[in-house]
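# Survey of secondary and tertiary structure
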Amino acid sequence: VSLESRLRSIVGGAHLIVERDVLATYQRDWTGRFHGEARCVVRPADTEQVASVVRECAAAGVALCIQGGNTGLVGGSTPMDGSVLLSTRRLDVVGDVDSVAWQVTAGAGVTLAGMQRRVRAAGLDFGVDFAARDSCTVGGMAATNAGGERVLRYGATRAQLAGAVAVLADGSVLTRMSGLPKDNCGYDLTGLLCGSEGTLGVITELRLRLVPLLRARAVALLAVDGTAAALDALRALRESLPALEAAELFFPAGLDLVLRHGDLPAPFPEPHPAYLLVECADLSDPAEPLLDAIAQLPGLRDATTSADASGRRKLWAYREQHTEAISAEGTPVKLDVAVPVSRLAGFVAGLPGTVLQAAPTARTVLFGHLAEGNLHVNVLDALDCADAITEAVLTSVAREGGSVSAEHGVGRSKARWLHLSRSAAEVAAMRALKRALDPAGLLNPGVLLPDVQPS
Ligand SMILES: Cc1cc2nc3c(=O)[nH]c(=O)nc-3n(C[C@H](O)[C@H](O)[C@H](O)COP(=O)(O)OP(=O)(O)OC[C@H]3O[C@@H](n4cnc5c(N)ncnc54)[C@H](O)[C@@H]3O)c2cc1C
């Protein structure tokens, strides 16, 4: 009996996909840069089905690619040729919101927006948010330790995890869902799965911490002289605004693309060297404290603010439409790096030159999450120089003591450069963990540790 027939008997005929045209919708990543040919897509409905699928693939020695919303930007959810693609999207049940513990249980395939709707209806909120919210899944967010726009206040996804259920490569199931805030009994396996990018297990459920729902919000878009001025403004705003929740940086090149591909008027009568978008959220209206704090900022070139929902959305669109506007121009080489904020201004100034040395015709578009020194480096018109650009930029990041992957993960695209951000001893410990939990190398081969292949 073929593997496909055995998988069909686990998930039912409707959820085992072998038709080429339907398979195609799962096989290319969001950026269009990565592609692989899966032998089939399997869509299990619960943890038990996931465990059975994993056991069948292990028995057949066939590798698995785990895919949530397929919004990852580092090729981690793209199948290796001949692998089985396990889609988590049917694991989409959200449990009752526990408004005493401030927690909720969510299936790994629930979208961020779907989860936000549920918990907001119960008067609470989730601490991580970003533009892919309608498609990315909470399982994918945990697997990549997604960051986003509120890390400044609430930390990345790891800080929101109170527990998980996961299926290991041999089909065994780890369950840690009590959600106890105090529970120190050995290794933190939930924390280990977070950021493991599908290489250690399939996350099927999550116990998630929630935060207060702060409906009173105010957003300001500030025009500043450059990165150093944006950092000065951020320092001052942080001191005077405990309600500060987001601080996003972008530049004229990115704004031009957003205006070209989106349906937005220019935010200011003339362009400026850099833009800082800030948001405050509180129980009472934060507009006045925000305006007062902005009025105190020295050297501001221009500013526009909004406290009503539609105005806030419009200001956020200038920042959130960057990723899509860049992709509308062509397939970019995408890097997602962080450097210490004390080095950020110098790094930003030197970056276009670093890229041009590797690819003389390239266009570099930068934006990022300012408080974490996290820059999204997008290089257009230079896909054929992808490796040279990656090498040049990531080496310069390492020189600054930065990280080659701030929030998107390592995936396939940056696996070769992991050593720039992790020591030989750290990579050896990662390999030992991978060997212990997935000795045959069947889960997401080629992701994170590039030379681990199915044996
Ligand atoms: C417009 C846009 C904006 C974005 N903004 C941000 C941002 O601000 N911050 C940020 O961090 N990211 C951002 N991303 C990247 C992406 O959305 C995140 O990495 C997200 O967490 C991926 O979730 P997903 O469900 O789409 O995962 P996928 O893309 O399907 O998978 C990502 C990785 O996780 C693994 N995986 C997925 N589900 C599971 C599971 N249940 N168990 C084990 N492994 C699993 C996959 O194998 C793969 O390695 C953005 C992407 C887009 C398109």
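Anyway, here's the lowdown on the structure attached to this text. (Residues numbered from 1 in each chain as written. Predicted model: local features only at pLDDT ≥ 70, side-chain atom pairs only at ≥ 80, totals over all residues. Heavy atoms only, no water.)

## Thoughts on the sheet that holds strand β12 (residues 244-250)
Spatial ordering of the open sheet is given by β14-β11-β13-β12-β16-β17-β15, a layout of seven strands whose pairing is antiparallel. On the outer flanks of this sheet lie β14 (302-306) and β15 (333-338), each paired with one strand and no other. Ignoring which end each strand starts from, the neighbouring axes of this sheet average 15 degrees apart. As paired strands, β12 and strand β13 (residues 274-282) are joined by six bridges and run antiparallel to one another. Paired with A247 across the bridge in β13 is V278. Sheet strands in contact with helix α14 (residues 386-399) are β15 and β17 (374-380), and its direction is about 10 degrees off that of β15. (Pairing = 2+ DSSP bridges. Helix = DSSP H or I, 4+ residues; strand = E, 2+ residues; numbered from the N terminus. Axes fitted to C-alpha atoms, helices over the stretch in contact; angles between N-to-C directions. Contact = heavy atoms within 4.5 Å.)

## Thoughts on the pattern of salt bridges
For the structure shown, the criterion picks out 22 salt bridges. The residue E4 makes a salt bridge to R39 at a minimum N-O spacing of 2.9 Å. Of the two residues, E4 sits in helix α1 (residues 3-11) while R39 sits in the loop between α2 (20-27) and β2 (40-42), which places them 35 residues apart along the sequence. Across the pair R120 and D125 runs a salt bridge whose closest N-O atoms are separated by 3.0 Å. What makes D125 buried here is its relative accessible area of 2%. (Salt bridge = Lys/Arg side-chain N within 4 Å of Asp/Glu carboxyl O. Buried < 20%, exposed > 50% of the residue type's maximum accessible area, 1.4 Å probe, protein only.)

## Considering unusual backbone geometry
Unusually for a residue other than glycine, W102 sits at a positive phi of about 60 degrees. Mapped onto the elements of the fold, W102 is located in the loop between β4 (84-87) and β5 (103-107). Given the relative accessible area of 37%, W102 is considered partly exposed. The phi angle at E197 is positive, at roughly 55 degrees, despite the residue not being glycine. For E197, a relative accessible area of 9% corresponds to the buried category.

## Looking at the site of the ligand
Neighbouring residues of the ligand: 35 residues in total, closest I66, T71, G72, T137 and N444. A distance of 3.5 Å separates an oxygen atom of the ligand from a polar atom in the backbone of M141. At 2.9 Å, a backbone N or O of I203 approaches a nitrogen atom of the ligand. Relative to its unbound accessible area of 970 Å², the ligand is 97% covered by the protein chains. Tallying contributions element by element places helix α5 (residues 138-144) first for the shell around the ligand, with five residues. Residues of the shell around the ligand, tallied by class, amount to 12 nonpolar, 21 polar and two charged. (Near = heavy atom within 4 Å. Polar contact = N/O pair within 3.5 Å; in protein donor to acceptor, adjacent residues only side chain to side chain. Areas by Shrake-Rupley, 256 points an atom, 1.4 Å probe, with all protein chains shown as cover. Nonpolar A, V, L, I, M, F, W, Y, C, P; charged D, E, K, R; others polar.)

## A word on helix α3 (residues 47-60)
Under the 1.5 Å per step criterion, the end-to-end length of α3 is 20 Å for 14 residues, consistent within 8% with the ideal 20 Å. Directly after α3, the chain includes G61, whose backbone phi takes a positive value near 70 degrees. (Expected span 1.5 Å × (residues − 1).)

## A word on helix α12 (residues 322-329)
Those residues of α12 that fall on the buried side of the exposure criterion are H322, T323, A325 and I326. What you see down the axis of α12 is that its buried residues fit within an arc of 165 degrees, all on one side. Contacts made by the buried residues of α12 are with β12, α9 (252-261), α11 (309-320), β15, β16 (363-369) and β17. A positive phi of about 155 degrees marks G330, the residue just after α12. (Arc of directions from axis to C-beta.)

## Section: the sheet that holds β5
Overall, antiparallel pairing links the four strands, which are arranged β5-β9-β7-β8 in an open sheet. Edge strands, defined here as strands with exactly one partner in the open sheet, are β5 and β8 (173-176). Averaged over all pairs of adjacent strands, the angle between strand axes in this sheet comes to 15 degrees, irrespective of strand direction. Where β5 meets strand β9 (residues 202-209), five bridges bridge the pair, whose relative direction is antiparallel. When the sheet's bridge partners are listed, A106 is paired in β9 with L206.

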